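Tertiary structure, described
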Amino acid sequence: MFGVPALDRLEQLWQDALGGQGSAESVRGLITRLRKKIERDPAEPDHLLNVYGIGYRFEPGEVEFTGPDPLPELAAPLYGRNDELKRVVELLERQREPLVSVVGPPGSGATRVALLAAHRLKGRGWEVHRCVVGGGEAVSTTLARGLGIRRIGRRRSEVLAEIGRALAERGDLLVYLDAPHPHPTLQKTVAALLAQSPGTPILVGCRGALDLPDEKCVRLEPLRGPEAVQLFRQRVAEVRPGTHVDDELAAAIADRLDRMPVAIEAAAAQTAFLSPD
């Protein structure tokens, strides 16, 4: 079925490898050997997929067409980034920029800004396809599944070409890439999508710019001092009502966290168990 004459043997190897009978290194070695046997392109696996933070998943056949994955809801309201959010939406909706990156260091809120921008556009009738880069499947796999494109048994270039045609046929459609790092694979994928479907906007939430032509970066800077203090005190009041935090202490904590909003919120959440000072 996949070029393996004894699928029962494959299943037994899979169970042995993932059933705790080997080290992490031996499991990775086995996965590499199996991919060389059953995958059309071991670098772009269809069946033995990485699951970020967990391990591996065996996908025996074509993934069923399900349409775009639903966007996750924001775990907490956005704070201090309204200007940046407005700018992102304007670049995508009014100016139709082909590639918009929301860029910031960890804790800056880049993921939240990008996600909220995607929610805004979806609420205005856009079709949004979200892909988690570095997650359990490749960007091309997620898009193919969301667009109803057959992928198994085809070359990656063929799948990307059909994805490009499908994206070009749609009107208000956004590809949203949730990407922790601007690694070369992400750059190549985005460049290929832009070449295949230049009229489809791509939104990326990332820690760094992709350095691609026509990329518009919305960079998230640290919050201003008063904003950072207000955010910390506000979040402390939510998790520990009645607790007073003076401005000097709040400012010192915020400065230690580079005045990044997500980091400040995480620190404030700890006051449910620990005193702020």
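So, here is what we can say about the structure in this document. (Residues numbered from 1 in each chain as written. Predicted model: local features only at pLDDT ≥ 70, side-chain atom pairs only at ≥ 80, totals over all residues. Heavy atoms only, no water.)

Quick look at helix α10 (residues 261-269) now. Among the residues of α10, Pro261, Ile264, Glu265 and Ala268 are the ones counted as buried. Taken around the axis of α10, the buried residues stretch over an arc of 100 degrees, which confines them to a single face. The inward-facing, buried residues of α10 contact α4 (110-123), α8 (225-239) and α9 (247-256). (Buried < 20%, exposed > 50% of the residue type's maximum accessible area, 1.4 Å probe, protein only. Helix = DSSP H or I, 4+ residues; strand = E, 2+ residues; numbered from the N terminus. Arc of directions from axis to C-beta. Contact = heavy atoms within 4.5 Å.)

Enumeration according to the criterion identifies 10 salt bridges in this entry. For Arg235, the salt bridge is made with Glu238, and the minimal N-O distance between the two is 3.3 Å. Remark: Glu238 and Arg235 occur in helix α8; sequence separation between them is 3 residues, near one turn of the helix. Using a relative accessible area of 7% as the deciding quantity, one classes Arg235 as buried. (Salt bridge = Lys/Arg side-chain N within 4 Å of Asp/Glu carboxyl O.)

So, on to the packing of α8 against α10. Two elements in contact, α8 and α10, have axes separated by 8 Å at closest approach and are oriented at 35 degrees. Crossing hand, α8 versus α10: right-handed. Of the residues in α10, those touching α8 at Ala228, Leu231, Phe232, Arg235, Val236 and Val239 are Pro261, Ile264, Glu265, Ala267, Ala268 and Ala269. In terms of residue class, the contact of α8 with α10 is built from 10 nonpolar, no polar and 2 charged. (Axes fitted to C-alpha atoms, helices over the stretch in contact; angles between N-to-C directions. Left-handed = near helix turned anticlockwise from the far one by under 90°. Nonpolar A, V, L, I, M, F, W, Y, C, P; charged D, E, K, R; others polar.)

Here we come to the packing of helix α5 (residues 139-147) against helix α6 (residues 156-169). In contact at an axis separation of 10 Å, α5 and α6 are set at 50 degrees when each is read in the N-to-C sense. In terms of axis orientation, α5 runs oblique to α6. At the point where α5 passes α6, the crossing takes the left-handed sense. Residue-level contacts link Ser140, Leu143, Ala144 and Leu147 of α5 to Arg156, Val159, Leu160, Ile163, Ala166 and Leu167 of α6. (Parallel < 35°, antiparallel > 145°, perpendicular 65-115°, else oblique.)

Let's shift gears to the sheet that holds strand β4 (residues 127-132). Across a sheet, strands are paired by hydrogen bonds formed along the backbone, either parallel or antiparallel in direction. Taken together, the 5 strands give an open sheet; going across it, the order is β4-β5-β6-β3-β7, and neighbouring strands pair in parallel fashion. The open sheet terminates on both sides in strands that have one partner only, identified here as β4 and β7 (215-219). Taking each pair of neighbouring strands and ignoring which way they run, the sheet shows an average axis angle of 20 degrees. As paired strands, strand β5 (residues 173-178) and strand β6 (residues 202-206) are joined by 4 bridges and run parallel to one another. Along β6, the bridge assignment pairs Leu177 with Val204. Against the sheet, helix α3 (residues 82-93) makes contact with β3 (99-103), β5, β6 and β7, and its axis sits at roughly 165 degrees relative to β7, the strand it touches most. Of the strands in this sheet, β3, β4, β5 and β6 touch α4, which is tilted by about 160 degrees from β5. (Pairing = 2+ DSSP bridges.)

Further remarks concern the environment of Val190. Position of Val190 among the secondary structure elements: in helix α7 (residues 184-196). Here the alpha-carbon distance between Val190 and Val139, two residues 51 residues apart in the chain, equals 9.3 Å. Residues in contact with Val190, not counting those within four places in the same chain, are Leu99, Leu177, Ile202, Leu210 and Leu212.

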